[in-house]
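Structural description and commentary
For reference, the chains in residue letters:
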Amino acid sequence: MNSENYLKNISEIKNLMSKSSKFISLSGLSGILAGIYALIGAGFAYWLVKNSDRDYLILDGRVFRYIVLDMLLVLIFSISTAIFLTTKKAKKNNEKIWDALTKRLLLSFIIPLLAGGTYIIIILVNQHYGQTGALMLIFYGLALLNASKYTLGDVKYLGYTQIILGLISALFPGYGFWFWVAGFGFMHIIYGTIMYIKYDRK
Amino acid sequence: MKNIILHINKAFDHRIRLGIMSVLMVNDYADFKTLKELLGATDGNLASHAKSLEKAGFLKVEKQFISRKPNTKYYATQLGKNEFKKHINALEKLIKKN
């Protein structure tokens, strides 16, 4: 064997290592769209609260139910867009959308998210509203960080950003809404654009 | 030079065997089907190369049935990981020499 052969060996080893342990078909465009949905949803929620009798949000009542519905819609649209665009990209990359790797990716993402979601619901039921935005950002950031070892490195930095935003948000209880808009809206758009430019446009 | 050649491990001197070890270095385990798809190998080809790595003590094989279908999982042993690292280091040194 000559050195060209050895070089080929090494590059094949590297290729196999990343292919078998990282899912690279995550769509940047779906991040951008999720950010836009979040901004529209937040805009609608803001309008609802401003036009209600009170200026702030309480758990019972019509406005709160509309806002929950609004957020669920944002969530459903974001998830279905992500699934649709990522499946499309995976097909193009010849990568499998449902195998041991994507199962691991999804599981490591969902567990911190479910823990956080359940905790938020518990404290909402106990009528602690103030920290909801901060908690959503922190747990979402932890979920991203946890999942990032199975996918593109940018997801890790998005995770760090959300955690930091969440912690700052916790320091300013009255501004949770605006931190939520910054994290779920603008950060998704910024990181989505970076990923789109880096990986999608080829 | 002689010293480097010493570390080039004959057990890894094949594309499929190199591939199996690469995948198992970064994953806790891999099953037969996953390996087959990643490496683009045939059943018989993969089985025989896996067998030779197992004989060398570099692989641990676990056979079980998942809803009546046979499922084979491969793990790299600590010995296998150490030997593979030495092999890669030797390859890199050889490339730099030339």
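Here, every reference points to the structure presented above.
The following refers to the structure shown. The structure displayed is predicted, hence computed values, not measured ones.

Residue and element names in this part refer to chain B. One open sheet holds the three strands; their spatial order is E1-E3-E2, and the pairing between them is antiparallel. With one partner strand each, in any of the chains shown, strand E1 (30-31) and strand E2 (59-66) form the two edges of the open sheet. Bridge analysis of E2 against strand E3 (residues 69-76) gives eight bridges, and the strand direction is antiparallel. Among the inter-strand pairings, isoleucine 66 is bridged to a residue of E3, identified as lysine 69.

Within the structure shown, the criterion is met by seven salt bridges over all chains. Salt-bridge contacts for A:Lys89 lead to A:Asp200; the nearest nitrogen and oxygen are separated by 2.8 Å. Of the two residues, A:Lys89 is situated in helix H3 (residues 62-93) and A:Asp200 in helix H7 (residues 176-200); the sequence distance between them amounts to 111 residues. The closest approach of N and O atoms between B:Lys51 and B:Glu54, which form a salt bridge, is 3.9 Å. Taken together, the residues B:Lys51 and B:Glu54, both in helix H4 (residues 43-55) and three residues apart, mark about one turn of the helix. By relative accessible area, B:Glu54 is classed as partly exposed at 31%.

Next up on the list: the interface of chain B and chain A. On the side of chain A, 15 residues touch chain B, which itself brings 20 residues to the contact. For the pairing of chain B and chain A, the buried interface totals around 1,600 Å² over both sides, and the portion due to carbon and sulfur atoms is 70%. Note that A:Glu12 is salt-bridged to B:Arg15, the shortest N-O span being 2.8 Å. The tally of links between chain B and chain A comes to four residue pairs in polar contact (both at pLDDT 80 or more). Looking at the side of chain B that touches chain A, the elements that each hand over two or more residues are helix H2 (15-26), helix H3 (32-39) and helix H5 (78-97) of chain B. Here the side of chain B that touches chain A takes seven residues from H2(B), the largest share from any one element.

A few words now on the pairing of E3(B). Residue and element names in this part refer to chain B. Taking burial as the measure, the eight residues of E3 include six buried ones, the bulk of the element. Where E1 lies against E3, two bridges are found, and the strand directions are antiparallel. Directly across from alanine 30, in E3, lies its bridge partner tyrosine 74. Between E2 and the antiparallel strand that follows it, E3, lie two residues; serine 67 among them carries a positive phi value of about 40 degrees.

Quick notes on the rules
- Residues numbered from 1 in each chain as written.
- Chains lettered and ligands numbered in written order.
- Predicted model: local features only at pLDDT ≥ 70, side-chain atom pairs only at ≥ 80, totals over all residues.
- Heavy atoms only, no water.
- Pairing = 2+ DSSP bridges.
- Helix = DSSP H or I, 4+ residues; strand = E, 2+ residues; numbered from the N terminus.
- Salt bridge = Lys/Arg side-chain N within 4 Å of Asp/Glu carboxyl O.
- Buried < 20%, exposed > 50% of the residue type's maximum accessible area, 1.4 Å probe, protein only.
- Contact = heavy atoms within 4.5 Å.
- Buried area = accessible area lost by both parts, 1.4 Å probe.
- Polar contact = N/O pair within 3.5 Å; in protein donor to acceptor, adjacent residues only side chain to side chain.

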